[in-house]
Amino acid sequence: MDAHSFSGAGLAQPDGLELRLLCPELAGPLGEFFRALAQAPDHAFFHPHPLTDEQARQLCSHKGRDLYYVACSAGRVLAYGMLRGWDEGYDIPSLGMAVHPEARGRGLARTLMVFLHMAARLRGARKIRLTVYRDNQRAVELYRRLGYAYTEKDPRQLVGILEL
Ligand SMILES: CC(C)(COP(=O)(O)OP(=O)(O)OC[C@H]1O[C@@H](n2cnc3c(N)ncnc32)[C@H](O)[C@@H]1OP(=O)(O)O)[C@@H](O)C(=O)NCCC(=O)NCCS
C-alpha cells in the first residue's frame, strides 16, 4: 500500500466507501489490515485478539450474534469495528475499533463509531461498553465527545459506558 493510497481523492474514488459485515472474501484484506496495525507505533493500544492472518480467517467465518464490520474502499480495509459479548450471553456489547494507520485523521473513526452505535441500538442494546488506555488520547477524547462516561478500570485503563 503506498503512502498516497488514502489521499482525499483516493478515498473518494474509484470504488467509494463501503461498510460491510465480515465474510470469507474479506479474509485477505483483513489480514493485510491487521499486519499494518501490528506494525504501527501505537499497536499496544489495540489487542482485542491476535492481529494475524489466521485470526482474520476465523473472524471472516464467524457465526454468531457478535457483529464485526469493516470500512473498505477499492478492496482494502480502512477501518475495523466490532460489537462483542452477545455470543457469551452479555446484554451490553463491548465495542472495539481501529483505523488503518494511513487512513487516520479523516473522520473514519467517528463515522464507524456512529454506525456501531446504531447497529447495537437495532439489536436492542441499551448501553455500549469499551475499555481504553488513558495514554490513548485521541481515542479517549473521541469517545468522550461521542458521549461515553468513564470510570477507572485500573491505573492505566478506563472503562467507557455509552447510554444509547
Ligand atoms: C483512535 C483511532 C481509532 C482514531 O481514528 P481516526 O480515523 O484518526 O479518527 P477520526 O479521524 O475519526 O478522528 C477522531 C477524533 O480525533 C481527532 N483527531 C484526528 N486526528 C488527530 C490527531 N492527529 N491528533 C489528535 N486528534 C486527532 C479528530 O478531531 C476527531 O475528533 P472529532 O471527531 O470530535 O473532531 C485511530 O487512531 C486508531 O486506530 N488507533 C489505534 C487503535 C486504537 O487505539 N483503537 C482504539 C482502542 S480503544
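Thresholds applied
Residues numbered from 1 in each chain as written. Predicted model: local features only at pLDDT ≥ 70, side-chain atom pairs only at ≥ 80, totals over all residues. Heavy atoms only, no water. Axes fitted to C-alpha atoms, helices over the stretch in contact; angles between N-to-C directions. Helix = DSSP H or I, 4+ residues; strand = E, 2+ residues; numbered from the N terminus. Parallel < 35°, antiparallel > 145°, perpendicular 65-115°, else oblique. Left-handed = near helix turned anticlockwise from the far one by under 90°. Contact = heavy atoms within 4.5 Å. Nonpolar A, V, L, I, M, F, W, Y, C, P; charged D, E, K, R; others polar. Phe/Tyr/Trp six-rings, centres within 6.5 Å; stacked < 30°, edge-to-face > 60°. Buried < 20%, exposed > 50% of the residue type's maximum accessible area, 1.4 Å probe, protein only. Lys NZ or Arg CZ within 6 Å of the ring centre and 35° of its normal. Disulfide = S-S within 2.5 Å. Lys, Arg positive; Asp, Glu negative; His and termini not counted. Salt bridge = Lys/Arg side-chain N within 4 Å of Asp/Glu carboxyl O. Polar contact = N/O pair within 3.5 Å; in protein donor to acceptor, adjacent residues only side chain to side chain.

Peer 1: Pulling in residues and values, what's your account of the packing of helix 2 (residues 27-39) against helix 3 (residues 53-60)?
Peer 2: One way to put it is that helix 2 packs onto helix 3 with a least axis distance of 8 Å and a crossing angle of 135°. Considered as vectors, helix 2 and helix 3 are oriented oblique to each other. Judged by the sense of rotation from one axis to the other, the crossing of helix 2 with helix 3 is right-handed. Residue-level inspection shows Ala 27, Leu 30, Gly 31, Glu 32, Phe 34 and Arg 35 of helix 2 in contact with helix 3, the latter providing Asp 53, Gln 55, Ala 56, Arg 57, Leu 59 and Cys 60. Looking at side-chain class alone, the contact of helix 2 with helix 3 contains six nonpolar, two polar and four charged residues.

Peer 1: An account of the packing of aromatic side chains is requested, with residue identities and associated values reported.
Peer 2: Counted according to the given criterion, the structure contains seven aromatic pairs. An angle of 65° between the planes, with centres 6.3 Å apart, marks the rings of Phe 33 and Tyr 80 as edge-to-face. Pair noted here: Phe 33 is in helix 2 and Tyr 80 is in strand 3 (residues 76-84), with a separation of 47 residues, a long-range link. Judged on exposure class, the residue Phe 33 and its partner Tyr 80 are both buried. For the pair Phe 34 and Tyr 80, a centre-to-centre distance of 5.3 Å together with 75° between the ring planes defines the contact as edge-to-face. Separated by 46 residues along the polypeptide, Phe 34 in helix 2 and Tyr 80 in strand 3 bring together distant segments of the chain. When its relative accessible area of 0% is taken as the criterion, Phe 34 is described as buried. These aromatic residues form a ring-pair network of at least three members: Phe 33, Phe 34, Phe 46 and Tyr 80. Seen from the ring of Trp 86, Arg 123 lies directly overhead, with NZ or CZ sitting 4.9 Å from the centre.

Peer 1: Mind laying out the state of the cysteines, listing which residues take part and the relevant values?
Peer 2: One pass over the structure, following the stated rule, counts zero disulfides. This cysteine, Cys 23, is not joined by any disulfide, and Cys 60 carries the nearest cysteine sulfur, 6.7 Å off. Cys 60 sits in the buried class, given a relative accessible area of 3%.

Peer 1: Go over the side chain of Asp 66, please, and point to the residues and values.
Peer 2: When you line up the elements, Asp 66 lands in the loop between helix 3 and strand 2 (67-73). Buried charge Asp 66 goes without a salt bridge, the closest partner of opposite sign being Arg 84 at 5.9 Å. For Asp 66, the side chain forms a polar contact with the main-chain nitrogen of Trp 86, separated by 2.9 Å. In this structure, Asp 66 is in contact with Leu 83, Arg 84, Gly 85, Trp 86 and Asp 87, ignoring residues within four places of it in sequence.

Function cannot be inferred from these measures alone, as they are strictly geometric.
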